[in-house]
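Each chain is listed here by its residues.
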Amino acid sequence: MDMDDEIARFNGGTWPDIPTKNEVVLPKVLAEVRSMSDLVLFGSLPVARTRELRQAGFYTALLDVSEKELRRRHAVRLAEEGWTNVEWFDHEQAVIRDLRAHNMFDHLIDGEGTVASIADDIMKLVEDLRRS
């Protein structure tokens, strides 16, 4: 599941303003997520929300990508797809630093490889977690 897609879905197909997202929609998404088993949720959450999911039995992984590579990918997306969300870059990096500082990641995945190698690493992690 993609967190952003679920936020839009719970908000009738549109992206909500940030207060509505954080205070109304995100709690609904996370309640549904907590009721599911055997899923991979892609997204970024602050420490408190991440801790809640971990306490509910979820494992966390960071798709670890350097700032240089992330900025390169933003530029490529803008050139090829005509959009970017680079305005959120500093915020997202701060969230990741905070999560790291609170030891919220159970696993790190190298996010600088090919799409196929990253997908393989994610699936290997999922299979390893299913066996444990």
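Worth saying up front: this structure is predicted, and the values here are computed from it rather than measured.

The rules behind these values
Residues numbered from 1 in each chain as written. Predicted model: local features only at pLDDT ≥ 70, side-chain atom pairs only at ≥ 80, totals over all residues. Heavy atoms only, no water. Helix = DSSP H or I, 4+ residues; strand = E, 2+ residues; numbered from the N terminus. Rg over C-alpha atoms; globule rule 2.2 N^0.38 Å. Buried < 20%, exposed > 50% of the residue type's maximum accessible area, 1.4 Å probe, protein only. Contact = heavy atoms within 4.5 Å. Areas by Shrake-Rupley, 256 points an atom, 1.4 Å probe, with all protein chains shown as cover. Lys, Arg positive; Asp, Glu negative; His and termini not counted. Charge placed at Lys NZ, Arg CZ, Asp CG, Glu CD. Expected span 1.5 Å × (residues − 1). Arc of directions from axis to C-beta. Salt bridge = Lys/Arg side-chain N within 4 Å of Asp/Glu carboxyl O. Phe/Tyr/Trp six-rings, centres within 6.5 Å; stacked < 30°, edge-to-face > 60°. Lys NZ or Arg CZ within 6 Å of the ring centre and 35° of its normal.

(A) Molecular detail of the overall build of the protein chain. Secondary structure summary: the protein chain contains six helices and two strands in total. Relative to a compact globule of 132 residues, whose C-alpha radius of gyration would be 14 Å, the protein chain shows 15 Å and is just as compact. In terms of overall dimensions, the protein chain has a C-alpha envelope of 40 × 35 × 25 Å along the principal axes. Counting all 132 residues of the protein chain, 25% fall into the buried class. Taking the intrachain contacts of the protein chain between residues at least 6 apart in sequence as the baseline, contacts between residues at least 24 apart amount to 53%. For the protein chain, the accessible surface area stands at approximately 8,700 Å², while carbon and sulfur atoms represent 53% of it. Computed over 17 positive and 25 negative side-chain charges, the separation of the two mean positions in the protein chain equals 3 Å.

(B) Spotlight on helix α5 (residues 89-101). Compared with the 18 Å implied by 1.5 Å per residue over 13 residues, the 18 Å span of α5 between its first and last C-alpha is a close match. The set of residues buried in α5 consists of F89, Q93, V95 and L99. Considered in projection along α5, the buried side chains sweep an arc of 155° and stay on one side of the axis. Residues of α5 that are exposed and angled more than 90 degrees away from the buried face: D90, R97 and A101. Close packing links the buried residues of α5 with α3 (47-55) and α4 (67-81). One or two positions beyond α5, positive phi appears at N103, with a value near 50°.

(C) Seen up close, the pattern of salt bridges. Enumeration according to the criterion identifies 13 salt bridges in this entry. Note that D128 and K124 form a salt bridge whose closest N and O atoms lie 3.0 Å from each other. Remark: K124 and D128 occur in helix α6 (residues 115-131); sequence separation between them is four residues, near one turn of the helix. Note on K124: relative accessible area 51%, which makes it exposed. Salt bridges linked by common partners bring E6, R9 and E32 together as one network.

(D) Up close: the packing of aromatic side chains. Scanning all chains against the criterion turns up zero aromatic pairs. Between R71 and the ring centre of F89, over which it is positioned, the NZ or CZ distance is 4.0 Å. One Lys or Arg, R77, reaches over the ring of W83 and ends 4.7 Å from the middle of that ring.

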